[in-house]
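# Close look at the chain arrangement
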Amino acid sequence: MSKIGVFVCHCGENISATVDCAKVAETVGNYDGVAFSVDYTYMCSDPGQNLIKSAIKEKGLTGVVVASCSPRMHEPTFRKACAEAGLNPFMCEMANLREHCSWVHDKGEATTEKAIDLVRILVEKVKYNHSLNDIKVPVTKTALVIGGGIAGIQASLDIANTGHKVILIEKDPSIGGHMSQLSETFPTLDCSQCILTPRMVEVAQHPNITLYTYAELESLEGFIGNFKAKIRKKSKSLDEKLCTGCGLCTTKCPVKKIPSEFNEGLGKRTAIYVPFPQAIPNKPVIDRINCTYYIKGKCKVCEIVCPTKAIRFDQEDEIVEAEVGAIVISTGFTVKQPDFFPEYGYGKYPDVITGLQFERLASASGPTLGEIRRPSDGKVPEKIVFLACAGSRDPAKGIPYCSKICCMYIAKHAMLYQHKVHGGKSYVFYMDIRAGGKMYEEFVRRAIEDDGVNYVRGRVSRIYEKNGKLIVSGADTLLNAMPVEIEADMVVLATAGVANEGAEELAQKLHISYDPYKFFAEAHPKLKPVETNTAGIFLAGACQAPRDIPESVAMASGAAVKVAGLFSQDELTREPIIAVVNRQAAPVYSSCVGCFLCVSACPYQAIEKEEIKNRNGEVIKSMAKVNPGLCQGCGTCVAFCRTKSIDIQGYTHEQMYTEVMALLNEY
Amino acid sequence: MAEFEPKIVAFVCNWCTYAGADLTGTSRIKYASNVRIVRFPCTGRIDYMLLLKAFDEGADGIIVSGCHPNDCHYTSGNFHARRRWIMFRSLCDFTGIDTERIKFSWVSAAEGAKWADIVNATVASVRELGPYSEYKKVAKYPEREVSHG
Amino acid sequence: MTLGLYPGCSLKGSSREYAESVITVAKAFNINLEEIKDWNCCGATAAHNMNKELSLALPARILSLAEKQGLKEIVVPCAACYSRLTMTKYELAKDPELKAAVTDANGLEYTGSVNVLNIIQMLDKYITPNLDGRVIKPFDHRVACYYGCLLVRPHEILKFDREEDPQSMDVLMLKAGATPIDWAFKTECCGAGLSVSRTSSVGRLSGKIIGDAKDRGAEAVIVACPMCHSNLDMRRDAINSYLGEKIDIPVLYITQAIGLALDLDRKALGLQRHFVKVTV
Amino acid sequence: MDYPPSVIMRMLQTGIPNLEDKVLRSFSIWVCLTCEMCFARCPMSIDIPKMMDFLREKSINEKKANPKAKEIVAFHKSFLDSIKYTGRLYEIGLFVDYKARTLKILDDLALAPKMMKRGKLNLIPEMIKDRSGIASIFRKSNKKNKN
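Residues numbered from 1 in each chain as written. Chains lettered and ligands numbered in written order. Predicted model: local features only at pLDDT ≥ 70, side-chain atom pairs only at ≥ 80, totals over all residues. Heavy atoms only, no water.

## Details of the overall build of chain C
Within chain C, the regular secondary structure consists of 14 helices and eight strands. For chain C, the C-alpha radius of gyration of 18 Å lies close to 19 Å, the compact-globule estimate for 280 residues. With respect to the three principal axes, the spread of C-alpha positions in chain C is 55 × 45 × 30 Å. Within chain C, buried positions represent 69% of all 280 residues. Pairs at least 24 residues apart make up 76% of the contacts formed inside chain C by residues separated by at least 6 positions. (Helix = DSSP H or I, 4+ residues; strand = E, 2+ residues; numbered from the N terminus. Rg over C-alpha atoms; globule rule 2.2 N^0.38 Å. Buried < 20%, exposed > 50% of the residue type's maximum accessible area, 1.4 Å probe, protein only. Contact = heavy atoms within 4.5 Å.)

Right, here's the structure in full:
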C-alpha cells in the first residue's frame, strides 16, 4: 500500500488568498494511500523543504505530492529535496495550485473544490509512479555561436577562454554587426571602431574559435550536449587560402554603383567588395546578384588582376557538419526604414534618414568621411530635426514597445552634429526621455545644456518637402500643444528596433519559441533571461529584445558562463522521461509485433529494430527498441502504437488513465 | 439545481499551452474554474481514446491544446496530433459522439490571454449544450452514480 | 448599363456644374445614371455634429430607398455624402442595436447590401478601362489633384487609395493627358462646414492649399468634392485676402477635366458656372 | 482653439467634473472640422472626431454651448431645420433662417446675386414626397436629446 505525503503550500498569500489550503490538506488527508498531509506557508523555503525531508524519513513515505506553483518553476527544487531524503526524485509530483487555480479564479467554494481535484489527480498518479534514474549522456564540448555582432564576439571569446572550442558563424561577409557601423558610442563618445576592432582581431586569431563568415545555419538536430548543426557556407567565389586581402580586385571592379549595405545605402560599393576597411576577415566577397559575370557571363576583371589567382567563379556553397554541445544565438536586430512611415513621406525624401544612416554620415570611415552632409545634394544641413519614437510606442503601427536605445543615440547624434556643424541648429521631438543607464541622464543633460540642442516635447504630425526644405510640423505639449513648424534641411528618424528578417525561420529551425514581434523568447523573463525553453540553447544581445551595447556584452558573458557550466561536466544527466518498449519472458519476449510504425513517427530516429535470435542464429522475432540517448520523451510513438507495447516513463498509459479517472470521480 | 456548471478536461502539452496557462496565471487573468488540466509532454502523446474515457467518467466538454504548427518542441508532435484529430473527429461524428464538445486549439507560451478566452468560450458553449448525459445512451453504460460538481 | 446615383443637395444647388459634368461624362460612355427616387439629404456635418442617431438615420434611409429600387451599386459624387453613407454602413454593420433603432426611426427595411462608390472609384471601374482611344484633346496642363479630408480618411473604414499621398486622381489625370504635380496639401482640410459660419478659418485653410498649389506652378486644381470646390472657388476672395495676392488658378471637378479631354461641350460640363474663370 | 485636442483628451482623462464641464463649454469642440487627421496620427488609435461629435451633442443638450460659437451652432440648426421641412437642403431657406438666428444680415449678401447669375441658387425648394417619413426620423431621433 503506498504511503504518500501531501504538502499544500500557501505561497505566502498567493494561494491561500483564494484557496482554503487547510481544507485541501485535510480533505486529501483522508484519501486512502495518503499517509501524511499538511499545509505550510512557504514550501520552497528551507524550512518547507525540511518539512518534506523529515516527513519522508519519519513516515517512510513512498510518494510525495507538493501542491504549490507550476512544476515548470520548482519541480527540480522539490525533486532534489526528496532525493536528499532518500526518496527517488521521480516519486515526487507537483499540483499547480497557483498559476492554474488561485491566481486565475476568485475566492470561493468552486476554487477550493478545483484545488482539491488538482491534488487528487496527482495523488492518484503518484501511486503508479516508478523509481527512475537519470540517463547519462556525453557532452560535446564545442559551442556554436550564431551571429557575429558584439554579443556574438563577446560570447565566443568568453567560451574560448574557458578552453573550449567555439564555432562562430556570421551571415555578413565580416563580423562586427551594427556596432561596427557606429561612429562614437554613448555615454562616453569613444569611437566604436577603436574598442571593437581589437576584439574582432582577437576572435580571428583565437586558437579555439573557428570563424565562418558569409555563412548561415542550414539545419539543426539533436539535443543538449549532442546537437548536429549543418552550416551553409555561402560561396564567396574566392579561395580564402590564396587570397592575401591586397584589395586590388575591389579597386579594379567596373561595377561601382551598388548601394553599400554597410553604409545603409548612403555609400556605393563594387560587386567584389570588402564591407569596411577593418573587416574581419579582410578578404572580399563577390555579390553574385550584381556581378556582371553572373548576369552576362563576361568581365572577369577581378580574376585577371588578382596576383594570387584566388578568384573561383564556379565555387559552390559548402555545407559543413558540426557536432556541438551548446548554442548561443546572438543574431541582433534591425531598424525600420523610412518607407514604413506614410506621414513622413513613404521614404520618398532622401534627406529623411534613419539613425543608422546618420551614424554612417558621422563615422570617419563613412561615405562623407565624418562630415554631416545631406544625401540629396551633399550640403551641410543648417537645421536638423531628430524624431524620437518613430514607430516605437505606437500600437496603431503594431509596435507598442519602447526600443530603449533611441533616446540615448539621439542625444549623441545631436551632440555630434553641434560639434561638427558650428552655428547649426538641432531640434529633438520626444515624448519622454528614457536615459536609465549609468551616466546616461548626465549625457543627455550635457547635450541640452552645453551643446544647446532644442528638445521639444511632442510628436511630429507630418513632414513634407517645399522649395528644398523639409517642413516638419509638430506640436509642443509643454506649451498647451502649440503648433511648431520647422523648415529643416535634414530629418533623422529614430526608427523602431525590430527583429531581423528571417528571425522566425531561424527560431523554427532551432525549435525555440518567439514573441509576437519575432524576438526570441527567454525561458523566464526575470530568472532565466539568457536561457530558452530548449535546454542547451542560450540567447545574447538584441535578438531577444532591443538592447544597448553594455547590456548585450553583459548578457553575452552570462550566456558564455551557462555554456561553460554545461561543459564543466563530462556527462550530462538527462531526465529519464523516455519511451521504453515492454519486455516479457520468452517465448513472447514483448507484446510488440514488429510493425515498426513508431519508427517513422519518431522525430529523433530514436527507435531501432531489435532481433531475437535462437541458438543457431535464426531471427525468431524482431521488435522495436528505443535508444535512450536519442529519445526526447515526446510520446508520439506511444499514441501511435497499435498494441500499446511502448510507453513513456512518467507519462505511462496507467498514469494518464488514473489522472483522468481521478479528475472526474470524487471520493 | 443551481446553474449547470460543466466539467471540462483539458489535455495540454507541457511546452506551450501549459506554459501559456502559467502565463495566464502570472498575468492574473481570471477565467472560468470549470477546467482541470492534464499535462502531457506533447499533443503527440495524447491518445484520443482517453477522450472517450473522459466522457465515460462524466466530462461534459474537452479541450485539446498544444503548440502552434512549426513551434512544437519535438518538431512534429503537433502535426501527428492534428492528423489524428481530423480522423478522430470524423469517427466521432460517424458514431454520434458530439464533437461540438471537443475544442481543439493551439496556444503558445506567450498567449496567456488566448488560453483564458478559449476556456471561457468552451465553458460557455458547453454550458449551453448542457450535461452530456446522452453519452451514456450511446455507450450503453449501466447507470452509475456519477456526481457532478 | 445603369448605375444608381445619389446626387446630394449641393449637386442640385450650389454645385450644379458638378452634376452636369458627371451626367455628361457618363452619357459619353452610355452609362445611364438612375437617381434614387425621393432621396433625402444625408445630413452632412450638421447632423453628426449635433445628433448621432439622426446622422445615421438619414443616410440609412437613402440606402433603404436604393435597396427598394433594386440598385446594387450607387455612385456618390460628393465626398461628404460618400463619407456619411460609408460610415453609416460601417456603424450599422458593426452594431445590431443601433441598426434596429435606426430602422425603427426610418420605418424602412435596411440590409446594407448596396455598394457605395465615390466618383473616382466609379471612373476607375467604368470609364478608365475604355478611356484610351477617347482622349482627343489631352488636358495638357500642370494640375494639383486635391483629395480633401473625407475621401481618404478614416483609412481603416474607407480603405480607399493611400492615406497620406493618394495617387488615384493623379493617375486618372495622367491618362487624360495632364501632368499631376507632387504637392503637399493633397489631404489637408479646406474648412468645409465652417464656410458660412466662420469664413475666416476657411480663408486661412483654403489659402494655404491654393498658395501651395500656386508655388508649385499648378495651372489648375482638380477636386472631387462640392464642399472643397465651393471653398476653393467661391471663397477665392477670402483666400486672396489671406495670401495677400490675387490668384486665378481655376478649380475644376475631375469629371469636368476628363470631359474637356474627351472634347465634350464646355457648357454641358457647366464650366461657365465657376467663380474663378476657367481659363484652361 | 482654446484647448487643442491633446489637452481636451488629457482633461477628460482626469475625470475631474469641472474639467469636463470646461470641455463642454469650450470653443474648440465647435471649431473642430472632424477632418480625421488626428485619428490617423494617434498612436493609440483614439477616435477623436467621434468624441468631438459626442461632446458637441452633450454640450447642446446641457445648454453649455460656448457663446463665441453662436454662428456655428446657428448654422447647423438652420441646416437641420431646412432638411426637416423639405427633406433636402434649400439654400435660400438656410441663409434666411441663419441670418434670423445670428442677425448677420450683411454677411455674404454680395454672394447671392453672383450665385443667382451662375444658376447656383434655386428659388423654389425641392420637396421630397415622403415628408412625414423625414419628420418621424427627426421626431424619433430627438426623443433622447432636445436640440
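## Focus: the state of the cysteines
Taken as a whole and assessed by the stated rule, the structure comprises one disulfide over all chains. One disulfide bridge connects Cys16(B) with Cys67(B), the sulfur atoms lying 2.3 Å from each other. On the S-S bond that ties Cys16(B) to Cys67(B), the torsion sits near 100°, and the link is right-handed. Remark: Cys67(B) occurs in the loop between β3 (61-66) and α3 (77-95) and Cys16(B) occurs in the loop between β1 (8-13) and α1 (17-26); sequence separation between them is 51 residues. As far as burial versus exposure is concerned, Cys16(B) and Cys67(B) are alike and both buried. Counting only cysteine sulfurs, Cys41(C) is the nearest neighbor of Cys9(C), a cysteine outside any disulfide, at a range of 3.6 Å. (Disulfide = S-S within 2.5 Å.)

## Section: the pairing of strand β12 (residues 226-233) of chain A
Residues and elements named next belong to chain A. Side chains Phe227, Ala229, Ile231 and Lys233 of β12 all project onto a buried face; the interleaved residues Asn226, Lys228, Lys230 and Arg232 project onto a face where none is buried. Relative to β12, strand β11 (residues 215-223) is paired through eight bridges, and the arrangement is antiparallel. Counted as the bridge partner of glutamate 216 is arginine 232 from β12. (Pairing = 2+ DSSP bridges.)

## A short note on the sheet that holds strand β17 (residues 318-324) of chain A
Residue and element names in this part refer to chain A. The antiparallel open sheet is built from three strands, whose spatial order is β11-β12-β17. Of all the strands in the sheet, just β11 and β17 have a single pairing partner and so form its edges. Across the sheet, the mean angle from the axis of one strand to that of its neighbour is 20°, orientation sign disregarded. (Axes fitted to C-alpha atoms, helices over the stretch in contact; angles between N-to-C directions.)

## A look at the arrangement of the chains
Among four pairs of chains with at least one contact, chains C and D form the most extensive contact set. Between chain B and chain C there is no contact, and the shortest C-alpha to C-alpha separation is 21 Å. No interface is formed between chain B and chain D, the nearest pair of C-alpha atoms being 20 Å apart.

## Section: the interface of chain D and chain A
Facing ten residues of chain D, the contacting portion of chain A comprises ten residues. Interface of chain D and chain A: buried area, both sides summed, is about 730 Å²; carbon and sulfur atoms make up 59% of it. Here chain D and chain A share zero salt bridges between them. Listed by contribution, the elements that provide at least two residues to the side of chain D that touches chain A are α1 (5-14) and α4 (37-41) of chain D. (Buried area = accessible area lost by both parts, 1.4 Å probe. Salt bridge = Lys/Arg side-chain N within 4 Å of Asp/Glu carboxyl O.)

## Some thoughts on the domain arrangement of chain C
How big an interface is tends to be stated in terms of accessible area lost as the parts join. Residues and elements named next belong to chain C. Its domain assignment divides chain C into domain 1 (2-120) and domain 2 (136-273). Each of domain 1 and domain 2 has a C-alpha centre, and these two points are 23 Å apart. Contacts between the two partners involve 26 residues from domain 1 and, on the opposite side, 28 residues from domain 2. At the boundary of domain 1 with domain 2, total buried surface from both sides reaches about 2300 Å², with 77% on carbon and sulfur atoms. In terms of surface lost to domain 2, no three residues of domain 1 exceed Glu17, Tyr18 and Ile120, which account for 26% of the buried area on that side. Across the domain 1-domain 2 interface, the total number found is one salt bridge. (Domains from an automatic or database assignment.)

## Here we look at the nonpolar core
Grouped together as the largest cluster of nonpolar side chains are 163 residues, with contacts concentrated most on Ile463(A), Val491(A), Tyr6(C), Ile74(C), Ile119(C) and Phe139(C). Top element by residues in this core is helix α4 (residues 52-68) of chain C. It accounts for nine residues. For Val491(A), the contacting residues outside a window of four places in its chain are Asp351(A), Val352(A), Ile353(A), Val385(A), Leu387(A), Ile463(A), Leu470(A) and Val472(A). Val6(A), Met91(A), Val145(A) and Leu196(A) belong to the second largest nonpolar core, which has 136 residues in total. (Core = buried A, V, L, I, M, F, W, Y, C linked by side-chain atoms within 4.5 Å.)

## Quick look at the environment of Cys35(D)
By the element assignment, Cys35(D) lies in the loop between α3 (28-31) and α4. Owing to a relative accessible area of 21%, Cys35(D) belongs among the partly exposed residues under this scheme. C-alpha separation for the pair Cys35(D) and Arg118(D), spaced 83 residues apart in sequence, amounts to 30 Å. Ignoring any residue separated from it by four or fewer positions in sequence, one finds Cys35(D) in contact with Cys149(C), Arg153(C) and Cys189(C).

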